[in-house]
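# Structural overview for review
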Amino acid sequence: MKLDFYRGRRVLVTGHTGFKGAWLCGLLGLLGAEAAGYALPPVEPSLYMVLGLERELRSVIGDIRDPDPLERLFDAFQPEVVFHLAAQPIVREGYRDPAGTFDVNLMGTVRLLDCVRRHPGVRSVLVVTTDKVYRNGDTGRPFREEDPLGGADPYAGSKSCAELAVRSYAESFFASGPAVSTARAGNVIGGGDFAPGRILPDCVRAVLAGEPVRLRHPGSVRPYQHVLEALCAYLLIAARQAEDPALAGCYNVGPGPEGRVTTGELADLFCEAWGEGASWISAPDGGPPEADTLLLDGEKLASRLGWRPLWGIETAVEKTVEWTKGHAAGEGAADCARRQMAEYLSLFDGGDGGKA
């Protein structure tokens, strides 16, 4: 399925000033959507500012937990499609501030859903959670959507609770619309992620400082994918359920088997792509516990919507390095991001992805 559904549509993105949100708003611009965003101010450095998105869409700065400005934006913009990405997304921050993390990730989602409840013009809602929502016994088996929820740490637990809130609102208030789904994505990488405690941003900071990359858990296995893979899956889910509400539900969004690599293997790919003698060392820091293995089974998304990943993990790393080196040198980072978006969309809309 092509993504021309979005041309001329009014699309609201919460969390639009963040890493994923900025890439998503860039894609919506290329797809011809009329986009609006609601989020906290961008934290510098910021992909949102690099792309100049503040000049391209209606932007409201506000806290997702504050219902009044969010309600005013819904009233003024009258969105047809809503992507909810606003969140506290860092695992270690969840340990530092568990109450704040639950407040943002659970109650922020509830506030968003309550706005949707009062605006019948909304046709489709996608709430982005995480692959960490599952109760993980470290069996090594990829999780399927019917597996029990129950993320152990505060970040994962707050997202598990958000999943329950979505199901409650869907069953209590949205039987006649809008269509509402959750997307449980694997670890995303790509240019413009400056967050602390994530593997590739940590790699970039280390090599730019002339230091070896320090890996806390080089043997942990995760489902890594380029951010454009996840975002185009989100776009597909929201578009398809708008046309056929029976498709609404929950979906894993992960890479193919080749994307299931250890953190050390991902760092190897990064160092090879970066060159210049980049290297990594194992450096456990006594931080909070992490599961050894976290994998997703993406069969439901493939069978129901025809989606499959288009860029393997090597391409994902190469695209990330391409953007990052250009940005570090002050050379056309915005143009590079849009070239990558256009390249991915050409593959997607060319029939190689989103076939349903």
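As shown above, the structure is provided for reference.
What this report covers is the structure whose coordinates are included nearby. (Residues numbered from 1 in each chain as written. Predicted model: local features only at pLDDT ≥ 70, side-chain atom pairs only at ≥ 80, totals over all residues. Heavy atoms only, no water.)

## Focus on the pairing of strand β5 (residues 124–128)
Cut-off, in case you're wondering: Working definition: with a 1.4 Å probe on protein chains only, accessible area under 20% of the residue-type maximum means buried, over 50% means exposed, and in between means partly exposed. Each helix is a run of H or I in the DSSP string that is no shorter than four residues. Each strand is a run of E no shorter than two, and both are numbered from the N terminus. Two strands make a pair as long as DSSP finds a minimum of two bridges between them. By convention, a crossover is right-handed whenever its connection, traced from the first strand over the helix to the second and viewed with the strands pointing away, goes clockwise.
With 5 of its 5 residues buried, β5 lies for the most part within the structure. Neither face of β5 is open: one carries Ser124, Leu126 and Val128, the other Val125 and Val127, and all of them are buried. Across 4 bridges, the pairing between strand β4 (residues 81–84) and β5 is parallel. The residue of β5 that forms the bridge with valine 82 is valine 125. Pairing between β5 and strand β6 (residues 179–185): 5 bridges, direction parallel. Its bridge partner lying in β6, valine 125 is registered against valine 180. Taken together, β5, helix α6 (residues 154–173) and β6 constitute a β-α-β crossover, and its handedness is right-handed.

## Considerations on the pattern of salt bridges
Put simply, the rule reads: By definition here, a salt bridge exists when the distance from a side-chain nitrogen of Lys or Arg to a carboxyl oxygen of Asp or Glu is within 4 Å.
All chains considered together, the criterion is met by 21 salt bridges. The residue glutamate 56 makes a salt bridge to arginine 338 at a minimum N-O spacing of 3.0 Å. Placement of glutamate 56 in the loop between α2 (47–50) and β3 (58–61) and of arginine 338 in helix α12 (residues 333–352) is noted, with a sequence separation of 282 residues between them. Overall, the relative accessible area of 48% leaves glutamate 56 in the partly exposed class. Between glutamate 163 and arginine 184 there is a salt bridge, with the nearest N and O atoms lying 2.9 Å from each other. Here glutamate 163 is found in helix α6, whereas its partner arginine 184 is found in strand β6, with 21 residues between them in sequence. You can call glutamate 163 buried: its relative accessible area is 5%. Counted as one network, the salt bridges with shared partners bring together Glu71, Asp114, Arg117 and Arg118.

## A few points about the sheet that holds strand β9 (residues 221–226)
Stated precisely, the cut-off is as follows: Between the N-to-C directions of two axes lies an angle of 0 to 180 degrees, each axis being a line fitted to C-alpha atoms and, for a helix, fitted only over the stretch in contact. Two residues form a contact once any of their heavy atoms are found within 4.5 Å.
Spatially, 3 strands are ordered β7-β9-β11 in an open sheet, and the strand pairing comes out mixed. Every other strand in the sheet has two partners, leaving β7 (187–189) and β11 (260–262) as the edge strands with one partner each. Pairwise comparison of adjacent strand axes, ignoring direction, gives a mean angle of 50° for this sheet. Pairing geometry for β9 and β11, over 3 bridges, is antiparallel. Residue pairing for β11: proline 223 is matched across the bridge by arginine 260. Strands β7 and β9 of the sheet are contacted by helix α11 (residues 313–328), whose axis makes an angle of about 60° with β9.

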